[in-house]
Amino acid sequence: MKPLAVKLGKWELDNPIIPASGTFGYGVEFNKYYDINILGSFSFKGTTPKPRFGNDLPRIAEIKDGLLNSVGLQNNGIDHVIKYELQELKKVFHKKVIANIAAEDIKGYVEIIKKLNKEKDNIGIFEINVSCPNVKKGALKFDVDHIALAKLIKELKKISKIPLYIKLSPRVSDIVLMAKTCEKAGADGIVLVNTMPGLAIDINTHKPIMGNKIGGLSGPALKSIALRAVYLCYENIKIPIIGCGGITTCEDVIEFMMTGASAVEVGSSNLINPYICKELIETLPNVMKKYNISNIQSIVGIAHK
């Protein structure tokens, strides 16, 4: 393997840098800034069975050491995404993409997977979003109820022709239980972690800043929470982990991988600096040299040894 190459199960990526869902659109939007083929892959915008308008404005609030977002899974629905967004993406991105999907119930997830199975040559992973904090109903029940989560995964494994990675929430009392549930039910990997529910107040109006009131906390404020989740789960499961939460530097990437992540997703940093993933990939070799790392894959989980 090349020095920056990593593996997620049988899927080998050129490097561990993956823009996170909800921060990179469907890829084409960022291709005007740089050739997105330099990425390991990317997770496209959370897609649902039917179009969603999303939450009331405003949807973003800047806070100390992070962002709160309450977009509410706005998207055009799976049929439109397959017919238009994925066709446009194929013209500019020549690797497999990560498909982030969400639904209100098992039937909705099944519907999306059956349709996306036909795109298996272009999709490396299904990233099953069961932990979005910005929707008023649906997927939230799966991220806090391990029995419901196991049932969902088992149903999806019956039909999926693509590996399933479950994106988990940090808001649970026992993240290891949820990770073990994923592995036992047949998931091929997990993503740690989604955003943490938070609130911001406008002192002038005396009210919450965002239209939905509650939003998902991302950015550096989430990093230590995410690292803890990766560390604990790595010690208790054997399936791969993608780490996510507050990554802004190559040192952050290395920390997550040493903790047990096989690759990382870069989230809110893309909203602040659209070139961040390109810069991380270009800078990583020199940072690896600084810390005497010859092969990035070799450091996965080294913090446990």
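On to the side chain of Thr 23. Its place among the elements puts Thr 23 in the loop between strand S3 (17-19) and helix H1 (28-31). For Thr 23, the side chain forms a polar contact with the main-chain oxygen of Ala 20, separated by 2.7 Å. In this structure Thr 23 touches Phe 30, Val 266, Gly 267, Ser 268, Asn 270 and Leu 271, once residues within four positions along its chain are discounted.

Enumeration according to the criterion identifies eight aromatic pairs in this entry. Ring centres of Tyr 26 and Phe 44 lie 5.3 Å apart, and the angle between their planes is 45°; on these two criteria the pair is classed as tilted. Of this pair, Tyr 26 sits in the loop between S3 and H1 while Phe 44 is found in the loop between H1 and strand S4 (60-63), placing the two residues 18 residues apart along the sequence. Each member of the pair, Tyr 26 together with Phe 44, is buried. Taken together, Phe 24, Phe 30, Tyr 33, Tyr 34, Phe 42, Phe 93 and Tyr 275 form an aromatic cluster joined through their ring pairs. One residue, Arg 59, lies across the ring of Phe 53, its end atom 5.5 Å from the ring centre.

With an omega of -10°, the peptide bond between Leu 57 and Pro 58 qualifies as cis. Tracing the chain through its elements places Pro 58 in the loop between H1 and S4. Look at the link from Leu 192 to Val 193: it is a cis peptide, with omega at 5°. Secondary-structure assignment places Val 193 in the loop between strand S9 (189-192) and strand S10 (196-199). The phi dihedral of Lys 213 is positive, around 70°, even though this residue is not glycine. Along the chain, the position of Lys 213 falls in the loop between strand S12 (207-208) and strand S13 (214-218).

We now examine the sheet that holds S9. The seven strands lie next to each other as S3-S15-S14-S9-S8-S7-S6, forming an open sheet whose pairing is parallel. This sheet does not close on itself; its edge strands, each paired only once, are S3 and strand S6 (97-101). Between one strand axis and the next, the sheet turns by 25° as a mean value, whatever way the strands run. Bridging between strand S14 (residues 241-244) and strand S15 (residues 263-266) involves three bridges; their strand directions are parallel. Along S15, the bridge assignment pairs Cys 244 with Glu 265.

Attention shifts here to the pairing of strand S5 (residues 66-69). Burial of the side chains of S5 extends over both faces: Gly 66 and Leu 68 are buried on one face and Leu 67 and Asn 69 on the other. Of the strand pairs in this sheet, S4 and S5 are connected by four bridges, and their pairing is antiparallel. Paired with Ile 63 across the bridge in S5 is Gly 66. The loop that links S4 with its antiparallel partner S5 comprises two residues; one of these, Asp 65, has a positive phi angle of about 65°.

The next point concerns the nonpolar core. Soluble globular proteins tend to bury their nonpolar side chains together. Core analysis: the biggest nonpolar cluster contains 92 residues, and Leu 116, Ile 128, Leu 168, Ile 190 and Leu 192 have the highest contact counts within it. The residues touching Leu 168, leaving out its near neighbours within four places in the chain, are Val 130, Ser 131, Leu 149, Ile 175, Met 178, Ala 179, Cys 182, Ile 190, Val 191, Leu 192, Val 193 and Asn 194.

All right, on to the environment of Lys 95 then. In this fold, Lys 95 is placed in the loop between helix H2 (78-92) and S6. A residue is classified by how much of its surface remains accessible, and Lys 95, at 22% relative accessible area, is partly exposed. Separated by 58 residues in sequence, Lys 95 and Ile 153 place their C-alpha atoms 26 Å apart. If we skip the residues at most four places from it in the chain, Lys 95 touches Asp 14, Asn 37, Ile 38, Leu 39, Gly 40 and Asn 122. Among the polar contacts made by the side chain of Lys 95, one reaches the side chain of Asp 14 at a distance of 2.7 Å. A polar contact of 2.7 Å, which involves the side chain of Lys 95, links it to the backbone oxygen of Asn 37.

Reading the values: the criteria
- Residues numbered from 1 in each chain as written.
- Predicted model: local features only at pLDDT ≥ 70, side-chain atom pairs only at ≥ 80, totals over all residues.
- Heavy atoms only, no water.
- Helix = DSSP H or I, 4+ residues; strand = E, 2+ residues; numbered from the N terminus.
- Polar contact = N/O pair within 3.5 Å; in protein donor to acceptor, adjacent residues only side chain to side chain.
- Contact = heavy atoms within 4.5 Å.
- Phe/Tyr/Trp six-rings, centres within 6.5 Å; stacked < 30°, edge-to-face > 60°.
- Buried < 20%, exposed > 50% of the residue type's maximum accessible area, 1.4 Å probe, protein only.
- Lys NZ or Arg CZ within 6 Å of the ring centre and 35° of its normal.
- Pairing = 2+ DSSP bridges.
- Axes fitted to C-alpha atoms, helices over the stretch in contact; angles between N-to-C directions.
- Core = buried A, V, L, I, M, F, W, Y, C linked by side-chain atoms within 4.5 Å.

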